[in-house]
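Observations on the three-dimensional arrangement
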Amino acid sequence: MKILAIDTSCDDTSSAVVADNAVASNIIMSQDEIHKNYGGIVPEIAARAHFLHIAGAVKKALFIAGNTFDDIDKVAVTKGPGLIGSLLVGVSYAKGIAYRFDKKLVGINHLEGHLYAPFIGKTVKYPFIGLVVSGGHTALYKVLNGNDIRMIGRTLDDAAGECLDKTARLWGLGYPGGKAIDIMSRTGNPKQFKFPRIAFLNGNFSFSGLKTAAIRFSADNPSAVKNDIANVTASFLEAIVDTLILHSVKACKKENIDRLVISGGVSANKRLRAKMRRTCDGELIELILPDTEFTTDNAAMIGYTAFLKGESESADMNATSSIVL
Ligand code: KG4
Ligand code: ZN
């Protein structure tokens, strides 16, 4: 089964060719250089950039895989959730290809793509607790099998990535902020400053309070932000890392599932990966992390999820900005 996949859910134009569970190509055309001028993603500019780059991304994905449209069995595209203008570019393009080359078309939920990304190239192991932690989402899922995915916790306000991005902007660290904080914090002491760990008993997250704490910290400690940024970012990141670990491990225990899968852009974070690994080893939980290439938005995870699902949808499938999983 050879699948041509497209993801234009947010600000990266991505296309991949997935042959069964192996990735033959995975092209990601980042828009960071455009959006960094605004300090965040501007939806209309993102949609226009997708429109400019989608044909090139698909062509390159096919070329690197050594394929043409004729070799493809199925076209898979992210149908949501995401920015509607961005989604519509990918969905329209995928529909065009499917119609022109008479291929099956399948619409994939972007969050399901993230959930399965750590299994790319491997076999999925059920059951598992899945933590999707990105710029748009922070949620925990109980996954019993491909047809039984239940959300068991989510952020009530900001996503963890959003909290990292906005705070990095506040501290003038550049864009995208999660990666900037990851790098900046590596030489810092995570115990130097205190930031709150906000957790709810029912398993939900909240990160807006931490964002406010960062604003207050800046007002109270301007010299620390100016002269001690490694320690400040390490301490701030540690609050996010600890909260994510606490909730994920708690979910594993509560649901009696000893397998944890982490995905989404923030799962690229070096400190989160290392501390989660240590904690899971201590708790005898099997931790499955994605290759860094498959943490942030990519079409390979969409193609791989389409391969797992093995079903197809009709060509009137549509983009929806707010579908849930
Ligand atoms: O999965 P993704 O590409 O897009 C969404 O679906 O939201 O995630 C993007 C998020 C951004 O908030 C970005 O700052 C964060 O992932 N991110 C990181 C790292 N790389 C990307 N956060 C922490 N450490 C990183 N190394
Ligand atoms: Zn994503």
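Please refer to the structure placed before this passage.
I will try to describe carefully the structure that is included in this document. (Residues numbered from 1 in each chain as written. Chains lettered and ligands numbered in written order. Predicted model: local features only at pLDDT ≥ 70, side-chain atom pairs only at ≥ 80, totals over all residues. Heavy atoms only, no water.)

Considerations on the sheet that holds strand S10 (residues 286–288)
Pairing within the open sheet is mixed, and its 5 strands lie in the order S8-S7-S6-S9-S10. Across the chains shown, the open sheet's two edge strands, defined by having one partner strand only, are strand S8 (148–154) and S10. Mean inter-strand twist for the sheet, computed between neighbouring axes without regard to direction, equals 25°. Relative to strand S9 (residues 259–263), strand S6 (residues 128–133) runs parallel, the two being bridged by 4 bridges. If you follow Gly 130 over to S9, its bridge partner there is Val 261. Docked against the sheet, helix H9 (residues 229–255) engages S6, strand S7 (138–145), S8 and S9, running at close to 155° with respect to S6. (Pairing = 2+ DSSP bridges. Helix = DSSP H or I, 4+ residues; strand = E, 2+ residues; numbered from the N terminus. Axes fitted to C-alpha atoms, helices over the stretch in contact; angles between N-to-C directions. Contact = heavy atoms within 4.5 Å.)

Quick look at the coordination of the zinc ion (ligand 2)
Protein coordination of the zinc ion (ligand 2) is provided by His 110 (NE2), His 114 (NE2) and Asp 297 (OD), with donor distances spanning 2.1 Å. In primary-sequence terms, the residues that donate to the zinc ion (ligand 2) follow H-x3-H-x182-D. Taken as a pair, His 110 and His 114 lie in helix H4 (residues 110–116) at a separation of 4 residues, close to a single helical turn. Here the two residues His 110 and His 114 agree in accessibility, since each one is buried. (Donors = N, O, S within 2.8 Å, 3.2 Å for Na, K, Ca; no water. Buried < 20%, exposed > 50% of the residue type's maximum accessible area, 1.4 Å probe, protein only.)

Details of helix H11 (residues 300–309)
The buried fraction of H11 is high, at 7 of 10 residues. Burial in H11 covers these residues: Ala 300, Met 301, Ile 302, Gly 303, Tyr 304, Thr 305 and Ala 306. Where H11 is buried, its residues meet strand S1 (2–7), strand S2 (12–19), strand S3 (22–30), strand S4 (74–80), strand S5 (104–109) and H4. In the segment just after H11, Gly 310 is the residue with positive phi, at about 60°.

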